[in-house]
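One letter stands for each residue in the lines below.
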Amino acid sequence: MVHTAFDISQLIATSPYKINAVESYGHDLLISSSDGCLRIYSPESTASTTHDVVYGTLELRKEAYVLQRTIKGFSKKPMVAMEVVAARELLISLSEAIAVHRLPNLEIVAVIGKAKGANAYSWEERRGLLCFARQKRLSIYRHDGGRGFVEIKELSVPDTVKSMSWCGENICLGLTRKVYMILNVTSGTLSEVFSSGRNALPLVVSLPSGELLLGKDKVGVIVDQNGKLVQEGRICWSEAPAAVVIRKPYAIALLPRHVEIRSLRFPYPLIQTVVLRNVRCLVRSNNTVIVAQDNSVHGLFLVPLGAQIVQVTASGDFEEALALCKMLPPEDLNLRTAKEQSIHIRYAHSLFESGSYEEAMDHFFQSQVDITHVLFLYPSLTLPKSSTVAEADKFLDFAGDALSRASSDMSDDFGTPFSPSMETDERLGLESKKMSHNTLMSLIKFLQKKRFNIIEKATAEVTEEVVSYAVGDQTSRPNITIRGRLDNPKNSAARDMAAILDTALVQALLLTEQSSAAIELMKGLNYCDVEICEDFFLKRNQHLCMIELYKCNSMHREALQLLLELVEGSKFGTHNAEIHQNFKPEMIIDYLKPLCEIDPMLALEFSIPVLESCPTQTIELFLSANIPADLVNSYLKQHAPKLQATYLEQMLALNENGISANLQNEMVQIYFSEVLDWQAKLSSEEKWDEKDYSPTRKKLLSALESISGSKSEVLLKQLPQNALYEERAILLGKMNQHELALSIYVHKLHVPQLALSYCDRVYESGLHQHSSRTYSSNIYLTLLQIYLNPRRTTKKFEKQINNLISSVNTSIPKVSSWNLIKTKGGRLSKKIAEIEGAADTNISPGSTDNGKSDGDTDDMVEEEGSNIMIDEVLDLLGQRWDRIHGAHALKLLPKETKLQNLLPFLGPLVKKSSEAYRNLLVIKNLREKENLQVKDELYKHRKTVVKITGESMCSLCNKKIGTSVFAVYPNGQTIVHFVCFRDSQNMKVISKGTPLRRFSIAWYHKADKDGNSMRFVDLYINLIYLSSLISFL
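Just so you know, these numbers come straight off a predicted model, no measurement behind them. (Residues numbered from 1 in each chain as written. Predicted model: local features only at pLDDT ≥ 70, side-chain atom pairs only at ≥ 80, totals over all residues. Heavy atoms only, no water.)

> Just give me the short version of the nonpolar core, but keep the residues and values in it.
Ranked by size, the top nonpolar core spans 175 residues in total, and within it Ile252, Phe537 and Tyr647 carry the most contacts. Here this core gets 11 residues from one element, more than from any other, and that element is helix α11 (residues 493-511). Setting aside anything within four residues of it in sequence, one finds phenylalanine 537 in contact with Val506, Leu510, Met522, Gln542, Cys545, Met546 and Leu549. The next biggest cluster of nonpolar side chains, apart from the first, holds 23 residues, and it includes Cys172, Tyr180, Leu212 and Ile222. (Core = buried A, V, L, I, M, F, W, Y, C linked by side-chain atoms within 4.5 Å. Buried < 20%, exposed > 50% of the residue type's maximum accessible area, 1.4 Å probe, protein only. Helix = DSSP H or I, 4+ residues; strand = E, 2+ residues; numbered from the N terminus. Contact = heavy atoms within 4.5 Å.)

Right, here's the structure in full:
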């Protein structure tokens, strides 16, 4: 895009001689003419100034220059090139040789005679290196301060050098044979780059970035310091340039008919053309580009960047305008920011209208414009009402004012920024276009980029309010939701902006069919407007989003009600066909998990509908949330009594020990009531059968058998007299009324196998409870007695049942079947008792004998002989012979019982008794053998002899034994005074409480004074050992 980047001004109108070279130093122009003189020109306004000036701070001025000074004989031959090194205050000139002068007085510093005939040179400022080419030789000199130049290296090249430039450690050379080469100064190696074209001479120009611009006919090729091509690095000129200078951000080329200015930014567009003919040289100065013709000099002065930005923006070249903004000086940072933001906004609107939505949103994002400004482009999106909506206009007004201040005379060309308050008709006309899929996708990306910072600010405000309240501001207490939001927040620009952003974002996501992304947004921290989003979700059947909206705003009751409706609708298929989501009861359970700790009562209320369909998951929910079981049971009992049993069943199945006795009893009571109602209904219809088992009755029987602590007496009273005998038997068993329970199994239910199983349970439980050992031993005899006396036990059963029903609170006496057993026994019973042995601890005969005579029993058996259940008796004796006391069982049998029928009972019983006899005999023999071994050891210890001499010492007091009473330890070697031994034993007993240990005491009688031999009597006393041994034997 063409615009005015440089203003041209004539500095020198006429020169008496033809100009060969030109340079500038400060605000002065140095002109080398064809007569060999150096003429110095100064601005006309400063020509009369005589005081000293600092040339480094001066710049060329846009005014006429006048001759200030002429130095004759400055060069003998026409000047080829001339360069000012301002940092070192040197002037380097090339004519017949290279001469170096000191500025500003132009004293000669050095003349490099070796450079005679040189045709090109290049200066490297950082290291002070001067490289020049003469014929096919290349010489490198280093500036040595004020003493001149020192040669450091000379290299050979394949051809004459026409153009050259430093590039880092290398030198790029343009040779006569029209080829470019890179010379490594350190190693001297040469590498060819490419040819320079057919017509134009080689041209090497150094760029500010360190890269090189190499001329190839009408194309300027950009390469790096190693000669490698840079991507997109080609500047196309109108004609082949003779010279190129760089004035950032432009490249100025000297063409045959004009001077061409192009941007250094890809695609290197043409910026400006300056028509000047017969231009001899083009030189870059500190603030301008000097264009020297044969007898005149012009200056290209850079137009102020602010004015250029206005021009470029007005012409629609926004990329170039943004590039120019980056070149503004740091001191104008605020102005630069305002310009960039305004340009980004205009550029974004231009791209948006042309259909480049993503690029438009990128520029909106870079402009830092308020999101409401962008959202006004989408009129179909419903936004919350907020005072921050008007802030976009203020921002745009500021941006427009800042840009207009840069160039007030061009503000009209710049135009008025886009106003969000455009006419409603226009907005509606573009609505269909601006709500397309592509526009919404670009908006989503824009909002997602902006969201992090906006949400962070809103969250910081919430945190600040909470902290403020905590440290002492008690005026208003903030209500924090489960996701860090305030339920009733104060007016806040940050939160209003967050609400606008999230509300627009979720609408855009759903309009582009990104339901999953919208749900994820709702699950996280968000500030969506409830009313707007609720209406939007309902119209589009976005129920999951609705649930998450309620959840994030702590509207749990509304969320659960909606979810419950969806679950029921999905279950019965009553919902709209547009709803593709299959809602399941597990979704309610998942919702209730975090809610149990916040509002357990609400969780209980909405867990009732899913308890029946998902009992296990619901109970696990209650357990994981640590809701007391009593609270859950109480709530169910009051609001959903039909589900109470389901809850208790699951609780018991998941955690058998975790349910209290009260809840167990309550579960039994629930079953009990249901079974009673079921039995009463069948009885009224005359369909009752004791063998009918409903599912509830099966649960009741299982609960009565496995659960302890139930109120058996209360339940027993509620039972009907002529039904539910099995339940009655179990309850009687809980009350230890074993005889009555067995009577029911035998005479009411007529299922002997149940009676046998009952006896087995009582017997096995008695093995673990020593207090019930007698009952467990006698339970089979009780069943045997019931088989042998069916009629009498039936009468007794009816009498006992009536007593239990009449008085529940009265303690129920335990009926013992042993009252019917006589003490009289025959020869057979006596023999069996001898076989089993009186040491059997499982039966206590004395506890069962009530003093009745044998004749009474015989009479009873004879009286009831016709009803004896002899087959059941024999089966019981054959199956449980190892658990029944043989002698007592034989006493109960009728006299006419055949011995052959008792073989299954007596056979294994006698065999077991014989094995026990043999085992006890072996034990007896082993104990006798052990007794003999102990006696033998005792005899050995009694034979021990200890000899006391005059040198014998006490091991405790280390004194001689002498004639004192002494004691010998069992090892036979340790001798102590008896007094010392007794004191040591007393101390041990007091300190440790240990029993007396085995010791030996030797009493002796001393003989006559002649030293006759002494007689010793050893006495071994071992109280504990001997007493235990005697007890064992």
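> Tell me about the packing of helix α3 (residues 333-353) against helix α4 (residues 357-366), and please be specific about residues and values.
Across the interface, α3 lies against α4 with an axial gap of 8 Å and an inter-helix angle of 165°. Taken together, the axes of α3 and α4 lie roughly antiparallel to each other. In this structure, the crossing between α3 and α4 has a hand that is left-handed. Seen from α3, the contacting residues are His344, Ile345, Tyr347, Ala348, His349, Leu351 and Phe352; seen from α4, they are Tyr357, Glu359, Ala360, Met361, His363, Phe364 and Gln366. Looking at the contact of α3 with α4, its residues break down into 9 nonpolar, 4 polar and 1 charged. (Axes fitted to C-alpha atoms, helices over the stretch in contact; angles between N-to-C directions. Parallel < 35°, antiparallel > 145°, perpendicular 65-115°, else oblique. Left-handed = near helix turned anticlockwise from the far one by under 90°. Nonpolar A, V, L, I, M, F, W, Y, C, P; charged D, E, K, R; others polar.)

> Which residues make up the sheet that holds strand β13 (residues 149-156), and what are the values?
In space, the 4 strands of this open sheet follow the order β10-β11-β12-β13, with antiparallel pairing throughout. The open sheet has two edge strands with one neighbour each: β10 (120-124) and β13. Each neighbouring strand pair of the sheet contributes to a mean axis angle of 20°, computed without reference to strand direction. Of the strand pairs in this sheet, strand β12 (residues 137-143) and β13 are connected by 7 bridges, and their pairing is antiparallel. (Pairing = 2+ DSSP bridges.)

> Run through unusual backbone geometry, naming residues and quoting values.
Most peptide bonds are trans, and most residues other than glycine sit at a negative phi. Following lysine 248, the chain continues into proline 249 via a peptide bond in cis, with omega recorded as 15°. As for its placement among the helices and strands, proline 249 is situated in the loop between β22 (243-247) and β23 (250-254). Located in the positive-phi region is glutamate 89, a residue other than glycine, with phi close to 55°. By secondary structure assignment, the location of glutamate 89 is in the loop between β6 (81-85) and β7 (90-94). Residue serine 554 is not a glycine yet carries a positive backbone phi of 60°. Along the chain, serine 554 turns up in the loop between α14 (543-552) and α15 (556-572). On the basis of relative accessible area, serine 554 is assigned to the partly exposed category, the value being 27%.

> Quick rundown of the packing of helix α1 (residues 305-315) against helix α2 (residues 318-325)? Include the residues and the values.
Put simply, α1 and α2 touch, their axes get as near as 8 Å, and they point 165° apart. Between α1 and α2, the angle is such that the two are roughly antiparallel. When the axes of α1 and α2 are compared, the crossing they make is left-handed. Across from Leu305, Gln308, Ile309, Val312 and Thr313 in α1, the residues of α2 making contact are Phe318, Glu320, Ala321, Leu324 and Cys325. Of the residues that constitute the contact of α1 with α2, the class distribution is 7 nonpolar, 2 polar and 1 charged.

> Describe in detail the pairing of β22, supporting the description with residues and values.
Within β22, 5 of the 5 residues are buried, which leaves it mostly tucked inside the rest of the structure. A two-sided burial pattern is seen for β22, the buried positions comprising Ala243, Val245 and Arg247 on one face and Val244 and Ile246 on the other. Where β22 lies against β23, 5 bridges are found, and the strand directions are antiparallel. Counterpart to arginine 247 in the pairing with β23 is tyrosine 250.

> Break down the pairing of strand β20 (residues 219-223) for me, with residues and values.
Of all 5 residues in β20, 4 are buried, a share of seventy percent or more. Two strands pair when backbone bridges link them, and strand β19 (residues 212-216) and β20 are joined in this way by 5 bridges, in the antiparallel orientation. What sits directly across from leucine 213, in β20, is isoleucine 222. The turn joining β19 and β20, which pair antiparallel and follow one another in sequence, is formed by 2 residues; a positive phi near 60° is taken by aspartate 217. Where β20 and strand β21 (residues 229-236) come together, 4 bridges link them in antiparallel fashion.

Purely geometric numbers; function is a separate question.
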